[in-house]
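# Close look at the chain arrangement
Residues per chain, in single letters:
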Amino acid sequence: MTATENAGTPPTDDAPVPDPNAVQITVNGVAHTARKGQLVIEAAADAGVYIPRFCYHERMTPVGKCRMCLVEADSGRGPAVTVSCMVPVMPDMKVETESPMAKRMQEGVLELLLANHPLDCPVCDKGGECPLQDQTMTHGPGESRFVEEKRHYEKPIPISDLVFLDRERCILCDRCTRFADEVAGDALIHFISRGNTTQVMTFPDEPFASYFSGNTVQICPVGALTAKPYRFKARPWDLEEIESTCTTCAVGCRTVVQSSRDELLRSQGVDSDPVNWGWMCDKGRFGFEAVRTERVTEPLVRTAHGLEPTGWNAALRSAVQLIEDGKLAAGPSAVAVIGGARGSNEDAFAWARLAHDVIDTPHVYAQMGDGLPVGMLAMPRATIDDTAAASTIVLLGPDLKEELPVLYLRVRDAVQKRRVRIVEFTPRESGLTSLAWKSAVYEPGGQVEAVRAALADPEIADQLAAGPVVVIAGRSNLAESSGATVQAVQTLLAGVPGATVLPAFRRGNVVGALQVGMRPRPGGLDTRGILQAAADGKIECLVLVGADPLADFPDTDLARRALAGARRIVSVDTHLSASAQHADVVLPAAAFGEKSGTTTNLEGRVTTLGRKVTAAGTSRPDWMIATAIARGLGTDLGFRSVDDVTDAIARMVDGYEGVTRDALADSADGVLSAPPATIAAIDPVEVEVPVRNSYDYRLVVTRKLYDAGVTVSNSPSLAHLAPGQRVHLHPLDVERVGVQPGADVRVSSSRSAAVMRVEADPTVLRGTAWIAFNQPGGNVGDLIDSTAIVTDVRIENL
Amino acid sequence: MSDTALEAGASASGSRHTVDPGRPEHPSGDDRFALVDTHLRRVHDAQDQLIETLHVAQDVFGFLSDDVLLYVARALRLPPSMVYGVATFYHLFTFEPPGEHTCTVCTGTACFVKGADDIVADVATAHGVHVGDTSADGRLTLRTARCLGSCGLAPVVVLDGVVHGHQSPSGALALLDGELGGVR
């Protein structure tokens, strides 16, 4: 009795009211209280009895395929062979998992599964962590009666660029195919053929190109699916591991980072109930390769011959000198700091202290001009779980499948299993459009109108009034100002009182960086303002903390002018990015897996980062670099260890009071932080969208999961997956331009012109052109003017 | 908004704009797809009609090419991998173009007892074809079937859909010679 109990009517007697959801069973003779509807396999697990299984996975629908979980269960009609992953508990059920009958069944199933299994364990990557191996040891018959020839297939065949399939090892448990269809929604693999020749396969010539393919490798209970980056790299017993949080995007999936001989070799998803449910995207899973590729390993200082390696003392002295010179030349506000979203909360906090307290500049910002204003964080915030439990999810942001892939999985699950309805506003069809209850595709700048139209629609209004509404709000188009989206969110919140917002900020720890202080003080500039000031020659010293404006700031021309106009540039980075190449001093920073600390995901959840390998070369964590620079500038920040910084955050940052090291150690799923009260709400925005000339196309620029960014381009397994730069037009618009799809066209804006291939794409609205951002072989950022409300381009036949 | 903007087919903002793709027209322009379409219309593109649709497609094309499977998958809004999985599950679907004539020998229990194996062996030798394959000249495809349910007629040979009962190796060869025009 919980919520249904009325406070006004006290219980009549003291006897505890029997829980209507309790079911009494016995497991191996021990009494246990299970929940109504619970599967026998789960109830037994709760009672501390592990039933062997292959196909059963707690995050997917049971199918009862492998028969490994057979038990003897008596629900009143005598003992019966029961598939424990398919049958719910019944009152007074007696479950026997170790009776002679159960043992015989388990041995029989294993003997059958092994009849065709090649037993090539010595050369199998799964050997040592293989459920089939383990359960054969614990439950197997020990000897096989099969003497016949086993079936033979071509040994591993690639079913995608990342995943190899060994059909001989497969036990047909349906985990990978179920995951692909049910969880990821990319049903690219399926069982084919029949009987003894049944096998998992893709459609001919259609690879398993899913953003989530790595999960199938993780959940494969045998060595049938292996991932290219880890094949033959290590044996499981040689791996050391530590739990951490993926910082590739802002979802913050829990992961376990594994290394051998001081080299990162693998990331596996960890089941964190409020966040990722054990899933990861392939970029997060395999992006660790970038940690060991093309790193800056020692400090670099610009000399007459370019950037030259030097020692830390000399480099820190130079960096301090550059900052001091900048301050001397035009005061503290001539120094600006951009970045901090890549690192940990500790890194961002130390840099915020350095920038605000020591350098004393108001111009500090963690975002790269590709998000929404920091004031979004002050809106009533929803968690991912709130989102999944809402009755309506309003999408007013990026394509979640491309930018926040695991959030896409959670939203997809909410729609499929909890019947949540999606109302989507998007500039082009997104990965969730096919699941949306209502989807409004608007022309850039038209989102406010689209939201107003939706609010005026009685059917949608009824749905929005029917229960909790969560708005997933983010930047859906880099070629328009954030104003239109902010106004649309404000319109929506005004129309739907009580709606909460899940900020779809993209970059790893951007929410944490903004919350702990990497945001402008009153009077300070945002990134666009800083870059504009730099371009105007007003910035004496520009500090880039893991920031690469040339690659990430939507307006590449402004970024280029800013880097040319800033008199001194200090870059703290893991890789020598395009922007770092313009720096006067480059300080090498420790990367993911090389430093401990905490990170904050988009819902404000703080989780720990684990250090597993030695930092490359002499690189150091950003917080240490900030502390050293502060000391050079004459201030001791008082940080001797990363724990000092974590403690200081809990002590000093509004909203992080509960985020102590003890609390983090106690809670596997992290601790929720709150946005600081000093983050002011955004004033009502009113955007005047210019009318489009009918000869032009309104530009939509969005990110793809795989791009030319540092993580993907330095991960050998992922680098070639970036689709490259194309302009996508509606098929009728391709005709209108007068070219065949695949031909080269000239795309010109008020800024610049570029030649690229045109693709006919019915998911693009007529009159708009879609180009993916930061792709290899071209930079659409050259076309974008960040001061404009929207960007119109002309597209011409060459 | 000006007339030219309207001509451009764009609304300033707001409502969803879709062009109904209609029935996907096959780029090859092969009009046999129209026959598949007729069936699809009859069953209202119902996903549970997949197997029937595959039968129709195989009747029309003689075999199921990747192209045809993709066409059916798209029409029924099913993942191509699943359509492929269903098609490969059933014995009667074939993925290779059959020969001009198809000879199916029943190898069910009754036919087996009555010497179906001899018929298969003799036909295979005489026409230089392996079971499940098509002869090099493309004239004959030889298949076996489990049981055709006509055990009273055992052994049974089905030639181009016509059932011939009480066959012997020599009788089957004579039948084939008659059908194939006495080439051999």
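This part is about the packing of aromatic side chains. On inspection of all chains with the given rule, the structure shows 10 aromatic pairs over all chains. The interplanar angle of 70 degrees and the centroid separation of 5.6 Å between the aromatic rings of A:Phe203 and B:Tyr84 together place this pair among those described as edge-to-face. Pair noted here: A:Phe203 is in the loop between β9 (199-202) and α5 (213-219) and B:Tyr84 is in helix α5 (residues 80-89), and the two residues belong to different chains. Taking 6.3 Å as the distance between ring centres and 85 degrees as the angle between the ring planes, the aromatic pair formed by B:Tyr90 and B:Phe93 counts as edge-to-face.

A few words now on the packing of helix α4 (residues 66-76) of chain B against α5(B). Helix-helix packing is characterised by the crossing angle of the two axes and by the distance between the axes. Residue and element names in this part refer to chain B. Running from amino to carboxyl end, α4 crosses α5 at an angle of 120 degrees, the nearest separation of the two axes being 9 Å. The angle between the axes of α4 and α5 places the two elements in the oblique class. Once α4 is placed against α5, the crossing between them reads as right-handed. On α5, the residues that touch Leu69, Leu70 and Ala73 of α4 are Pro80, Val83, Tyr84 and Ala87. For the contact of α4 with α5, the per-class residue count stands at seven nonpolar, no polar and no charged.

Right, let's talk about the pairing of strand β33 (residues 768-772) of chain A for a bit. All names here are of chain A. Most of β33 sits out of view: five of its five residues are buried. Where strand β29 (residues 697-702) and β33 come together, five bridges link them in parallel fashion. Opposite Arg698, over in β33, you have Thr768 as the bridge partner. Where strand β30 (residues 726-729) meets β33, two bridges bridge the pair, whose relative direction is antiparallel. By the bridge assignment, Val727 is partnered in β33 with Ile771.

A separate point is the domain arrangement of chain A. When its domains are assigned, chain A resolves into domain 1 (25-150), domain 2 (151-228), domain 3 (300-371 + 509-672), domain 4 (374-503) and domain 5 (697-797). On a C-alpha basis, the centroid separation for the pair domain 2 of chain A and domain 3 of chain A is 43 Å.

Let us now look at the confidence of the model for chain B. All names here are of chain B. Put simply, chain B has an average pLDDT of 84, and 84% of its residues get 70 or more. Per-element confidence in chain B ranges from a low mean pLDDT of 37 for helix α1 (residues 3-7) to a high of 96 for α5. Confidence drops under pLDDT 50 across residues 1-21; counting only partners more than four residues distant or on other chains, this segment forms 32 contacts. For this predicted complex, the interface score ipTM comes out at 0.89, while the overall pTM is 0.91.

Residues and elements named next belong to chain A. With respect to the secondary-structure elements, Ala772 resides in strand β33. Expressed as a C-alpha distance, the spacing of Ala772 and Val545, which sit 227 residues apart in the sequence, is 25 Å. Ignoring sequence-local partners within four residues, the contact set of Ala772 consists of Thr702, Lys704, Gln725, Arg726 and Val780.

Residues and elements named next belong to chain A. Along the chain, the position of Thr245 falls in strand β11 (residues 240-245). Taking relative accessible area as the criterion, Thr245 reaches 0% and is therefore assigned buried. Engagement of the side chain of Thr245 in a polar contact is seen with the side chain of Thr607, the distance being 2.8 Å. A distance of 2.9 Å separates a polar atom in the side chain of Thr245 from the backbone oxygen of Thr608. Setting aside chain neighbours within four positions, we find Thr245 in contact with Gly252, Cys253, Arg254, Thr255, Phe592, Thr599, Thr607, Thr608 and Leu609.

Residues and elements named next belong to chain A. Buried residues of helix α13 (residues 458-465): Ile460, Gln463 and Leu464, and no others. For α13, the angular spread of buried residues about the axis comes to 100 degrees, placing them on one side. Counted as exposed and oriented over 90 degrees from the buried face of α13: Pro458, Asp462 and Ala465. Elements in contact with the buried residues of α13: β18 (392-396), β19 (421-426), β20 (438-441), α12 (447-456) and β21 (469-473).

Moving on: the sheet that holds strand β1 (residues 101-106) of chain B. Residues and elements named next belong to chain B. The four strands are arranged β2-β1-β3-β4 in an open sheet whose pairing can be described as mixed. At either margin of the open sheet sits one strand with a lone partner, and together these are β2 (140-145) and β4 (162-164). Strand after strand, the sheet turns through a mean of 25 degrees between neighbouring axes, direction not considered. Inspection of the sheet shows β1 paired to strand β3 (residues 157-159) by three bridges, in the antiparallel sense. Bridge pairing in β3 links Cys103 to Leu159. Where helix α7 (residues 116-127) meets the sheet, it contacts β1, β2 and β3, and its direction lies at approximately 165 degrees from that of β2.

About the criteria used
- Residues numbered from 1 in each chain as written.
- Chains lettered and ligands numbered in written order.
- Predicted model: local features only at pLDDT ≥ 70, side-chain atom pairs only at ≥ 80, totals over all residues.
- Heavy atoms only, no water.
- Phe/Tyr/Trp six-rings, centres within 6.5 Å; stacked < 30°, edge-to-face > 60°.
- Helix = DSSP H or I, 4+ residues; strand = E, 2+ residues; numbered from the N terminus.
- Axes fitted to C-alpha atoms, helices over the stretch in contact; angles between N-to-C directions.
- Parallel < 35°, antiparallel > 145°, perpendicular 65-115°, else oblique.
- Left-handed = near helix turned anticlockwise from the far one by under 90°.
- Contact = heavy atoms within 4.5 Å.
- Nonpolar A, V, L, I, M, F, W, Y, C, P; charged D, E, K, R; others polar.
- Buried < 20%, exposed > 50% of the residue type's maximum accessible area, 1.4 Å probe, protein only.
- Pairing = 2+ DSSP bridges.
- Domains from an automatic or database assignment.
- pLDDT = per-residue confidence, 0-100.
- Polar contact = N/O pair within 3.5 Å; in protein donor to acceptor, adjacent residues only side chain to side chain.
- Arc of directions from axis to C-beta.

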